[in-house]
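Summary of the model geometry
Here is what each chain is made of, one letter per residue.
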Amino acid sequence: MAVEELQSIIKRCQILEEQDFKEEDFGLFQLAGQKCIDEGHIDQLLEIIQNEKNKVIIKNMGWNLVGPVVRCLLWNDKEDDKKKYFLMLDLLVKLCNPKELLLGLLELIEEPSGKQISQIILLLLQPLQTVIQNLRNNKSYSVGLALSTLWSQLSLLPVPYTKEQIQTDDYGLCQCCLALIEFTKPFVEEVVNDKENSLENAKLKEELLKFCFKSLKCPLLTAQFLEQTEEAGNDPLRCFASEIIGFLSAIGYSFPKMISNHGRKKRIWNYLEFEEEEDKQLADAMASLAYLVFVQSISIHQLPMVFSPLYLLQFNMAHIEVFLQRTEESVFSKGLDLLENGLLRLEDNSLLHHYLEIKSFLTVPQSLVKIMTLCPIETLRRKGLAMLQLYINKLDSQGKHTLFRCLLNTSNHSGVEAFIIQNIKNQTDLSLKTPSNSKWFTGPQLISLLDLVLLLPEGAETDLLQNSDRIMASLNLLRYLVIKDNEKDNQTGLWTELGKIENNFLKPLHTGLNMSKAHYEAEIKNSQENNQEVQECKNLCSVTVGGEEIPNMPPEMQLKVLHSALYTFDLIESVLARVEELIEIKTKFTSEENIGLK
């Protein structure tokens, strides 16, 4: 019945001119064709499509059958039927109006979700390529539309993270990436082979360039790569990245050229006008590209040797900043790797302080502080700490001094401040041993740092437990200065500022310790008195430590925390007493020496 119905429609349309086909005819043709497919009349439908007399009808109306045929290919498991459906799809792609067929195929690609996305993309990429190549006009627009649609769907798929996920490729992203390379190659070759540099060629190049940068952002920005061993050659995402970089080079935008034009973005993108969101995408893409080249060594051989390590670091710092501002572990860990790659190329103390005038050279260490203090993964926190220390090592003395001031003012974290104070101590020690290098960590310049270090932020009311790391580091620095620098020499300037240090740091610290110890001793006494009563009631206690209440704490654990706090205060008090003892000995010795001289 369905076949007869379709033949009746075709018979009526055969006597009409192409321009006389009505909208009603298209609808009837589609319904009858769908019925033929649903009822399994595949052979008869194939005969109708292959009939030369129906050529004009199939050209104008046949694209309506593509959707039903594609759905049968996806859901029909019978191999014999699949062969016929593949033949039918191939015929429709060759015979139908390319413009209508293009839109139909793209609509089909946009329909699915989940794992079906990769299935339909892998099925339709070859037909889509054929259709675009059959178009006579506006090929660049069609290529851009197709690549944009494909990328939008691929960006919905989860990016595999582990080696096992890459190998199993459950959602088909890796397969699609490799298939997409084959889809794009003919259009890249068309750009390369067009020696006339026509307007259409320029438009096609623009679409390919946008696709490459979209791909660098997704999936390559978040993608993890297999280690650079023999297995790496089988890594589909690495292959995809390599091909994308190759496409950029082929159409005239090689990575060395981008580095050479660093700071002159508008000259590189002279015919691309990026909106604000697209500009952010470009920043992500460029960061991804820098990581692939410098860390993954993809196309690294293309880089000329003329670029100095400092120039390359300056080029990469903005990209490192992009990575470190993200929250995804797979992304900001790449920033740490890229930073390490750049810093290891430099000699210690060779990064001049002038570079800190560039925004990214200050924001990157501040981002490292956030990773050190907020990242939930210990290995990355340790890596952030190691990178900050490496960064400090590469700065010259003035640069170190500037960075220390910045981080002391912005970190708001006792552990980080203790780390900076330890570095100040190390630099001061080096300066005292090397007089020629003494300017920034002796005398007035050192005092400007000590003004930030040797004080309690809230005086005697400062939470000593929460700030214990910073306070211990400050006391150790002060003890070192008292031991190493004599009042007579006063190389560090400490002895001139001793009165201020006592008023701003030592005296408030004494008062704070007395208040804190009294408070915690009272808490311990109360806890011990109430312990039996709490156990009988089978209740849990709460305790406030460092300004924060820790609820549901068993009494015995509460006592341990309180005793631990007291131990910390005793330790601070012990170091404080030793510092004051050393100050007294040094000042007494100087006084006696002065009397002896008189």
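Residues numbered from 1 in each chain as written. Predicted model: local features only at pLDDT ≥ 70, side-chain atom pairs only at ≥ 80, totals over all residues. Heavy atoms only, no water.

We now examine the environment of Leu-105. Inspection of the secondary structure puts Leu-105 in helix H7 (residues 98–110). Judged by relative accessible area, which is 0%, Leu-105 ranks as buried. The spatial distance from the C-alpha of Leu-105 to the C-alpha of Leu-124 is 7.3 Å, given a sequence separation of 19 residues. (Helix = DSSP H or I, 4+ residues; strand = E, 2+ residues; numbered from the N terminus. Buried < 20%, exposed > 50% of the residue type's maximum accessible area, 1.4 Å probe, protein only.)

Here Gly-114 lies in the loop between H7 and helix H8 (116–134). For Gly-114, a relative accessible area of 32% puts it in the partly exposed group. When the C-alpha positions of Gly-114 and Gly-172 are compared, they lie 9.9 Å apart, and in sequence the two are 58 residues distant. Once you skip the residues sitting within four places of it in the chain, Gly-114 turns out to touch Leu-157 and Tyr-171. (Contact = heavy atoms within 4.5 Å.)

Another point: the pattern of salt bridges. Scanning all chains against the criterion turns up 21 salt bridges. Here Lys-394 makes a salt bridge to Asp-348, at a shortest N to O gap of 2.9 Å. Placement of the pair is Lys-394 in helix H20 (residues 378–394) and Asp-348 in the loop between helix H18 (329–343) and helix H19 (359–374), with a sequence separation of 46 residues. Its salt-bridge partner being Asp-429, residue Lys-433 comes within 3.0 Å of it at the nearest N-O pair. (Salt bridge = Lys/Arg side-chain N within 4 Å of Asp/Glu carboxyl O.)

Residue position: Lys-139 is located in helix H9 (residues 139–154). Using a relative accessible area of 16% as the deciding quantity, one classes Lys-139 as buried. Discounting residues that sit within four places of it in the chain, Lys-139 has contacts with Ile-132, Gln-133, Glu-190 and Glu-200.

Now for the state of the cysteines. This structure, assessed with the given rule, holds zero disulfides. Cys-177 provides the cysteine sulfur closest to Cys-176, a residue in no disulfide bond, and the two sulfurs are 7.2 Å apart. Since its relative accessible area comes to 0%, Cys-176 is described here as buried. Cysteine Cys-218 is unpaired, with the sulfur of Cys-177 as its nearest cysteine sulfur at 8.5 Å. (Disulfide = S-S within 2.5 Å.)

What follows is about H20. If you check H20, its first and last C-alpha atoms are 25 Å apart, about what 17 residues at 1.5 Å a residue would give, namely 24 Å. Along H20, the residues classified as buried are Leu-380, Gly-384, Met-387, Leu-388, Leu-390, Tyr-391, Ile-392 and Lys-394. In the core, the buried residues of H20 are packed alongside helix H17 (309–324), H18, H19, helix H21 (397–410) and helix H22 (414–433). (Expected span 1.5 Å × (residues − 1).)

Now for the packing of aromatic side chains. Applying the stated criterion across every chain, the model contains nine aromatic pairs. Ring geometry for Phe-404 versus Phe-441: centroids 5.9 Å apart, planes at 65 degrees, classification edge-to-face. Of the two residues, Phe-404 sits in helix H21 while Phe-441 sits in the loop between H22 and helix H23 (443–453), which places them 37 residues apart along the sequence. Judged on exposure class, the residue Phe-404 and its partner Phe-441 are both buried. Put simply, the rings of Phe-225, Tyr-291 and Phe-323 touch in pairs and so form one group of aromatic residues. Just above the ring of Tyr-253 sits the side chain of Lys-257; from NZ or CZ to the centre is 5.1 Å. The ring of Tyr-480 is capped by Lys-425, whose NZ or CZ atom sits 5.0 Å from the centre of that ring. (Phe/Tyr/Trp six-rings, centres within 6.5 Å; stacked < 30°, edge-to-face > 60°. Lys NZ or Arg CZ within 6 Å of the ring centre and 35° of its normal.)

Moving on, we come to the packing of helix H5 (residues 66–75) against H7. At a closest axis distance of 10 Å, the pairing of H5 and H7 adopts a crossing angle of 40 degrees. In terms of their interaxial angle, H5 and H7 are classed as oblique. Remark: the crossing between H5 and H7 carries right-handed chirality. Facing H5, whose interface residues are Val-66, Gly-67, Val-70 and Arg-71, H7 presents Leu-101, Leu-105 and Leu-108. For the contact of H5 with H7, a count of residues per class yields five nonpolar, one polar and one charged. (Axes fitted to C-alpha atoms, helices over the stretch in contact; angles between N-to-C directions. Parallel < 35°, antiparallel > 145°, perpendicular 65-115°, else oblique. Left-handed = near helix turned anticlockwise from the far one by under 90°. Nonpolar A, V, L, I, M, F, W, Y, C, P; charged D, E, K, R; others polar.)

A word on unusual backbone geometry. The omega torsion across Cys-218 and Pro-219 is 15 degrees, close enough to zero to call that bond cis. Turning to its location among the elements, Pro-219 is positioned in the loop between helix H12 (199–217) and helix H13 (236–250). Positive phi outside glycine occurs at Ser-297, with the angle close to 60 degrees. Looking at the element boundaries, Ser-297 is found in the loop between helix H16 (276–294) and H17. Classification of Ser-297 by relative accessible area gives partly exposed; the value is 33%. In this structure, Asn-490 is a non-glycine residue whose phi angle is positive, near 50 degrees. Summarising the element assignment, Asn-490 is placed in the loop between helix H24 (468–484) and helix H25 (498–537).

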